[in-house]
Amino acid sequence: MIARWESASYDYPMTDKHTDKQFRTPTLSDRVIGELDRALNNIFCKQVSSREYPATATNESEAAPLSSAQKRTSAGLMRVNHAGEMAAQALYQGQSLTARDPKLADKLKHASIEESDHLNWCRNRLEELGERPSVFDPLWYAGSFAIGMAAGIAGDRWNLGFLAETEHQVVRHLDSHLQRLPENDTRSRAIVGQMKIDEQGHAELAEGLGAADLPQPVKQIMKLTSKVMTSVAEKL
């Protein structure tokens, strides 16, 4: 009886039966709580991917087993990629909250779904390698969320410009990772290869929507910040 009562209580719609309208419009506080829940889920919980795990298409039997040194190299790079995707999730989250054009906010949310796939793929690969994500993931998330909100507040063209430059820098990072990953680590290489395709698409989407070209000093600051994050995440 108790179980049935509890189940029924959760099924009551949040509407007025006479007007069939919601009791109230979601407030800023509701949105903040929702985004906090999403942040905690991204940082601490393994999510379900919307696309197939790229590593499943590889044939490991044809590749030589990874040595201990190769595993450490791959794990370090995949930890960096996981940290980057953690930051990307927060960045898109912050940008979509402050974007002025609702259509742009929707596109940012759609791109965030692909970034969520990347996050899950990197987490899966780290587990396969017997490693864990960066201990500083909450820091990467919080910092990127704040930056994303600031970019959105600056205006949609600057918001898009920040997104485009971020993705171009990510593509260059992924290129360097493909050069450093062991040739016989076909699973990591398949993941990074698909991520690169998606990130390039996000950059082109932002530019097609009218992204502003960021000032050179801003690009240099972004590169420096990225370098700090990647250097720390590869080891911790």
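The text that follows walks through the structure, step by step, so that each part is easy to find. Source: prediction; values computed, not measured. (Residues numbered from 1 in each chain as written. Predicted model: local features only at pLDDT ≥ 70, side-chain atom pairs only at ≥ 80, totals over all residues. Heavy atoms only, no water.)

## Looking at the overall build of the protein
When its secondary structure is counted, the protein shows eight helices and zero strands. Taken from the N to the C terminus, the helices and strands of the protein come in the order α-α-α-α-α-α-α-α. Per-residue burial over the protein gives 41% buried out of 236 residues. For the protein, restricting intrachain contacts to residue pairs at least 6 apart in sequence, the fraction spanning at least 24 positions comes to 85%. Carbon and sulfur atoms form 59% of the exposed surface of the protein, whose accessible area is close to 13300 Å². (Helix = DSSP H or I, 4+ residues; strand = E, 2+ residues; numbered from the N terminus. Buried < 20%, exposed > 50% of the residue type's maximum accessible area, 1.4 Å probe, protein only. Contact = heavy atoms within 4.5 Å. Areas by Shrake-Rupley, 256 points an atom, 1.4 Å probe, with all protein chains shown as cover.)

## A few points about the pattern of salt bridges
Note on pairing: side chains with opposite charge can pair once their charged atoms come close. Counting across every chain of the model gives eleven salt bridges. The closest approach of N and O atoms between Asp198 and Arg51, which form a salt bridge, is 2.8 Å. Within this pair, whereas Asp198 is found in helix 7 (residues 186-208), its partner Arg51 is found in the loop between helix 2 (28-44) and helix 3 (68-98), the two being separated by 147 residues in sequence. A residue is classified by how much of its surface remains accessible, and Asp198, at 7% relative accessible area, is buried. Overall, the relative accessible area of 27% leaves Arg51 in the partly exposed class. Asp185 serves as the salt-bridge partner of Arg125, at 2.7 Å between the closest nitrogen and oxygen. Of this pair, Arg125 sits in helix 4 (residues 102-128) while Asp185 sits in the loop between helix 6 (156-180) and helix 7, placing them 60 residues apart in sequence. Considered together, Arg125 and Asp185 belong to a single accessibility category, that of buried residues. Several salt bridges share partner residues, and in doing so they unite Arg125, Glu128, Asp185 and Arg187 into one network. (Salt bridge = Lys/Arg side-chain N within 4 Å of Asp/Glu carboxyl O.)

## Observations concerning the environment of Arg51
Taking the C-alpha atoms as reference points, Arg51 and Glu114, 63 residues apart in sequence, are found 8.5 Å from one another. Beyond its immediate chain neighbours, meaning those up to four positions away, Arg51 contacts Glu114, Asp117, His118, Trp121, Gln194 and Asp198. Of the polar contacts made by the side chain of Arg51, one reaches the side chain of Asp117; its length is 2.8 Å. Among the polar contacts listed, one links the side chain of Arg51 to the side chain of Asp198, at a separation of 2.8 Å. (Polar contact = N/O pair within 3.5 Å; in protein donor to acceptor, adjacent residues only side chain to side chain.)

## Description of helix 4
Relative to the 39 Å expected for 27 residues at 1.5 Å per residue, helix 4 spans 39 Å between its end C-alpha atoms, a close match to the ideal helical length. Two to three positions downstream of the cap, the backbone nitrogen of Lys103 sits 3.0 Å from a side-chain oxygen, assigning the N-cap of helix 4 to Asp101. Just beyond helix 4, the residue with positive phi is Gly130, at close to 75°. (Expected span 1.5 Å × (residues − 1).)

## Topic: the packing of helix 3 against helix 5 (residues 137-153)
As a packed pair, helix 3 and helix 5 sit with axes 7 Å apart at the nearest point and diverge in direction by 30°. Seen along the crossing, helix 3 lies across helix 5 with a hand that is right-handed. Where helix 3 abuts helix 5, its residues His82, Ala83, Met86, Ala87, Gln89, Ala90, Leu91, Gln93, Gly94, Gln95, Leu97 and Thr98 lie against Asp137, Trp140, Tyr141, Ser144, Phe145, Ile147, Gly148, Met149, Ala151, Gly152 and Ile153. Its residues assigned to classes, the contact of helix 3 with helix 5 shows 13 nonpolar, nine polar and one charged. (Axes fitted to C-alpha atoms, helices over the stretch in contact; angles between N-to-C directions. Left-handed = near helix turned anticlockwise from the far one by under 90°. Nonpolar A, V, L, I, M, F, W, Y, C, P; charged D, E, K, R; others polar.)

## Structural notes on the nonpolar core
With 16 residues, the main nonpolar core has Tyr53, Met78, Trp121, Leu129, Ile191, Val192 and Met195 as its most contacted residues. Elements supplying a minimum of two residues to this core: helix 3, helix 4, helix 6 and helix 7. The residues touching Leu129, leaving out its near neighbours within four places in the chain, are Leu66, Lys71, Ser74, Ala75, Met78 and Ser188. One finds Ala99, Ala105, Ala111 and Leu163 within the second-largest nonpolar core, a separate group that totals ten residues. (Core = buried A, V, L, I, M, F, W, Y, C linked by side-chain atoms within 4.5 Å.)

## A short note on the layout of surface pockets
Empty space within the largest pocket amounts to approximately 650 Å³. Contributing to the lining of the largest pocket are 32 residues, with Ala87, Ser144, Thr166, Ser226 and Met229 lying nearest its centre. Elements that contribute at least two residues to the lining of the largest pocket include exactly helix 3, helix 5, helix 6, helix 7 and helix 8 (216-235). Ranked by residue count, the leading element in the lining of the largest pocket is helix 6, at nine residues. Among the residues forming the lining of the largest pocket, the class breakdown is 17 nonpolar, eleven polar and four charged. (1 Å grid on protein atoms, 1.4 Å probe; cavity = no way out; pocket = protein on both sides within 12 Å on 5 of 7 lines; lining within 4 Å. Points joined across faces, edges and corners; volume = space filled by probe spheres on them.)

## A look at the packing of aromatic side chains
Inspection of the entire model under this criterion finds one aromatic pair. Ring geometry for Phe136 versus Trp140: centroids 5.9 Å apart, planes at 55°, classification tilted. Judged by its relative accessible area of 11%, Trp140 falls in the buried class. (Phe/Tyr/Trp six-rings, centres within 6.5 Å; stacked < 30°, edge-to-face > 60°.)

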